[in-house]
Amino acid sequence: MSPVRPATVVAIAATVLGLTALVAFAADAESNAVIAWASLGPYLLLGTVAGAIAAALARRPVLLASTLVVVAAGAWTLGPLYVPGVRGDEPDAASGPTIRVMQANLMVGKADPDALVRTVRERQVDVLTVQELTGDAVAALQVAGLGDVLAHRFLAPTPTGGAGAGIYSRFPVSAGRKLDGFGPTNLTATLDTGPGRPLILYAVHPAPPYLTPAPAWAAELERLDAELESVAGTAPVVVSGDFNATYSHTRFRDLLDAGYVHAADRVGGGLVPTYPADRRYPALVGIDHILTRGATATSLDRIELPGSDHHGLVAGIRLPRPSGEEGSGEGG
């Protein structure tokens, strides 16, 4: 019997790992191990490409074919994220003004307030959603001049810890409320973006799967899913926040079933890693997201948030034009 070549071992291992990633991607299990494995799934599937190369070098045609099937399944699963296009029932005909929405997790209020406000000014941000907002961070952001740029707000800070949240807006804010049944604070409010153009905004932060039991994580995402379904079709909706879930998680993708569109998917941005941002190595997983319904994401940029363990996001969102209104324009 001839010895097994190292290339064969690599190809087999890569194929098995890729298969387990696909299983975790499709699984609905309430297990911390499955949640973690799904988070790393894209990297495992990328490794399957190396497995295919190894199988070819080992001259194992059956193994090569098996590996290529896994590679194809991974490409079919994640590849569309890198192709710009309209998903779901999103109206591509949205032709109203474009507003800029920024998402920022402040890492228990430790993010640099001056740097954040500078980004808001430079990026001409119209709406800012924040998580892990503390009372001290509210005061520091005010001193840094955030109120001069985004004069309207709905805030629910906490004295310490990461449960606080806030909405800052250039547009008047009304009907603000906290969502019931969540650990960290989740907020919603209605923004008056112009005559006949209300916008429902969510600043979300479901519980993380590693500091809380996996079933609690799943339950909060299900609760968020029900909330988003309840407002679908009533007005344009933007959902911005730290979802503590990646596109690889079934629970996150379930949020899109009511016609919501992942901004990164819409613009072909692919998987946008946002966490952790305070390590020597690059961010690994994308848990910060912006979703739309009844509006169209036209751009999405990952940005630095000095002092935070998250990267932020800035999205251009084109709103629909009210019935009877002609022309289109750009927001400030």
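Draft legend 1. Local environment of the overall build of the chain. Counting its secondary structure elements, the chain contains nine helices and 12 strands. Projected onto its principal axes, the C-alpha coordinates of the chain cover approximately 75 × 45 × 35 Å. Per-residue burial over the chain gives 53% buried out of 332 residues. Relative to all contacts within the chain whose residues are 6 or more apart in sequence, the contacts with residues 24 or more apart total 68%. For the chain, the computed accessible surface area is about 14,200 Å², with 59% contributed by carbon and sulfur atoms. Of note, the chain has its 24 positive side-chain charges centred 7 Å away from the centre of its 31 negative side-chain charges.

Draft legend 2. Highlighting the pattern of salt bridges. Inspection of every chain in the model, using the stated rule, returns seven salt bridges. Between R251 and D28 there is a salt bridge, with its nearest N and O atoms 3.0 Å apart. Of this pair, R251 sits in helix α8 (residues 250-254) while D28 sits in the loop between α1 (6-26) and α2 (32-57); the two residues are 223 residues apart in sequence, bridging distant segments of the chain. Here R177 ties to E227 by a salt bridge, and the two come within 2.6 Å at their closest N and O atoms. Taken together, the residues R177 in strand β5 (residues 173-178) and E227 in helix α7 (residues 214-231) connect sequence positions 50 residues apart. By relative accessible area, which is 39% here, R177 ends up partly exposed. Assessed through its relative accessible area of 15%, E227 is described here as buried. Beyond isolated ion pairs, a larger network of salt bridges with shared partners links D28, E30, E222 and R251.

Draft legend 3. Layout of the sheet that holds strand β8 (residues 237-242). Strand order across the open sheet formed by six strands is β5-β6-β7-β8-β10-β9, with mixed pairing between neighbours. Of all the strands in the sheet, just β5 and β9 (261-262) have a single pairing partner and so form its edges. Those strands touched by α7 are β5, β7 (198-204) and β8, and its axis lies near 180° from that of β7.

Draft legend 4. Expanded view of the environment of L211. Mapping L211 onto the fold places it in the loop between β7 and α7. On the basis of relative accessibility, which here comes to 76%, the residue L211 falls in the exposed class. Counting along the chain gives 202 residues from L211 to V9, while the straight-line C-alpha distance between them is 36 Å.

Draft legend 5. Representation of the sheet that holds strand β11 (residues 296-303). Ordered by their spatial adjacency, six strands build an open sheet running β3-β4-β2-β1-β12-β11, and the pairing between neighbours is mixed. Edge positions in the open sheet fall to β3 (152-156) and β11, since each of these has one partner strand only. For this sheet, the mean angle separating the axes of adjacent strands, direction not counted, is 15°. Of the strand pairs in this sheet, strand β2 (residues 127-131) and strand β4 (residues 165-169) are connected by five bridges, and their pairing is antiparallel. Paired with L128 across the two strands is Y168, which belongs to β4. Packed on one face of the sheet, helix α4 (residues 113-122) meets β1 (98-105), β2 and β11 and runs near 165° to β1.

Cut-off values and rules
- Residues numbered from 1 in each chain as written.
- Predicted model: local features only at pLDDT ≥ 70, side-chain atom pairs only at ≥ 80, totals over all residues.
- Heavy atoms only, no water.
- Helix = DSSP H or I, 4+ residues; strand = E, 2+ residues; numbered from the N terminus.
- Buried < 20%, exposed > 50% of the residue type's maximum accessible area, 1.4 Å probe, protein only.
- Contact = heavy atoms within 4.5 Å.
- Areas by Shrake-Rupley, 256 points an atom, 1.4 Å probe, with all protein chains shown as cover.
- Lys, Arg positive; Asp, Glu negative; His and termini not counted.
- Charge placed at Lys NZ, Arg CZ, Asp CG, Glu CD.
- Salt bridge = Lys/Arg side-chain N within 4 Å of Asp/Glu carboxyl O.
- Pairing = 2+ DSSP bridges.
- Axes fitted to C-alpha atoms, helices over the stretch in contact; angles between N-to-C directions.

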